Amino acid sequence: MSLVNYLVLSGILFSIGATAVLLRRNSIIALMGVELMLNAANLTLITFARWHGNLHGEVFAFFVMLVAAAEVVIGLAIVVSIFRTRRSASIDDVNLLKN
């Protein structure tokens, strides 16, 4: 596969993730959209790292994966907390926790 194929795939993944974040009201779906966008960015970083022949992009992609794992843990903890108090995983219910 060529460089353009990987970049097109990355753009499609990023678009699907952005659409999920912007249009869906369920917080778990929104977190999955953020993960898709991070994976699309990783694919782009690795593609350009291979194209240039160095490891800088791959190392940076590894750190992005570490941040994504931490984001999943913290995001799911927040979603579980909201679900326990409101019995709903909707993003619209987040502002009700401001007491």
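Just so we're clear, the structure is a prediction, and the values are computed from it rather than from any experiment.

The rules behind the values
Residues numbered from 1 in each chain as written. Predicted model: local features only at pLDDT ≥ 70, side-chain atom pairs only at ≥ 80, totals over all residues. Heavy atoms only, no water. Axes fitted to C-alpha atoms, helices over the stretch in contact; angles between N-to-C directions. Helix = DSSP H or I, 4+ residues; strand = E, 2+ residues; numbered from the N terminus. Parallel < 35°, antiparallel > 145°, perpendicular 65-115°, else oblique. Contact = heavy atoms within 4.5 Å. Nonpolar A, V, L, I, M, F, W, Y, C, P; charged D, E, K, R; others polar. Expected span 1.5 Å × (residues − 1). Buried < 20%, exposed > 50% of the residue type's maximum accessible area, 1.4 Å probe, protein only. Polar contact = N/O pair within 3.5 Å; in protein donor to acceptor, adjacent residues only side chain to side chain. Salt bridge = Lys/Arg side-chain N within 4 Å of Asp/Glu carboxyl O.

A. Just the packing of helix α2 (residues 27-52) against helix α3 (residues 56-86), in detail. Following both chains from N to C, one finds α2 and α3 inclined at 175 degrees, their axes separated by 9 Å at the closest point. When the interaxial angle is binned, α2 and α3 end up roughly antiparallel. Only Gly57, Glu58, Phe60, Ala61, Val64, Met65, Ala68, Glu71, Val72, Gly75, Leu76 and Val79 of α3 make contact with α2, whose side of the interface consists of Ser27, Ile28, Leu31, Val34, Glu35, Leu38, Asn42, Leu45, Ile46, Ala49 and Arg50. In the contact of α2 with α3, the residues fall into 15 nonpolar, 4 polar and 4 charged.

B. Fine view of α2. For α2, built from 26 residues, the straight-helix expectation of 38 Å at 1.5 Å per residue is met to within 8% by its first-to-last C-alpha distance of 38 Å. All buried positions along α2 are accounted for by Ser27, Ala30, Gly33, Glu35, Met37, Ala40, Asn42, Thr47 and Ala49. Those residues of α2 that are buried are in contact with α1 (3-23) and α3. One side-chain oxygen of the residue at the start of α2 lies 3.3 Å from the amide nitrogen of Ile28, identifying that residue as Asn26. Directly beyond the C-terminal end of α2, a positive phi value near 80 degrees is found at Gly53.

C. Spatial organisation of the pattern of salt bridges. If you walk through the whole model with that rule in mind, you get 1 salt bridge. Among the ionic pairs, Glu58 bridges to Arg50, the shortest N-O distance being 3.2 Å. You can call Glu58 partly exposed: its relative accessible area is 25%.

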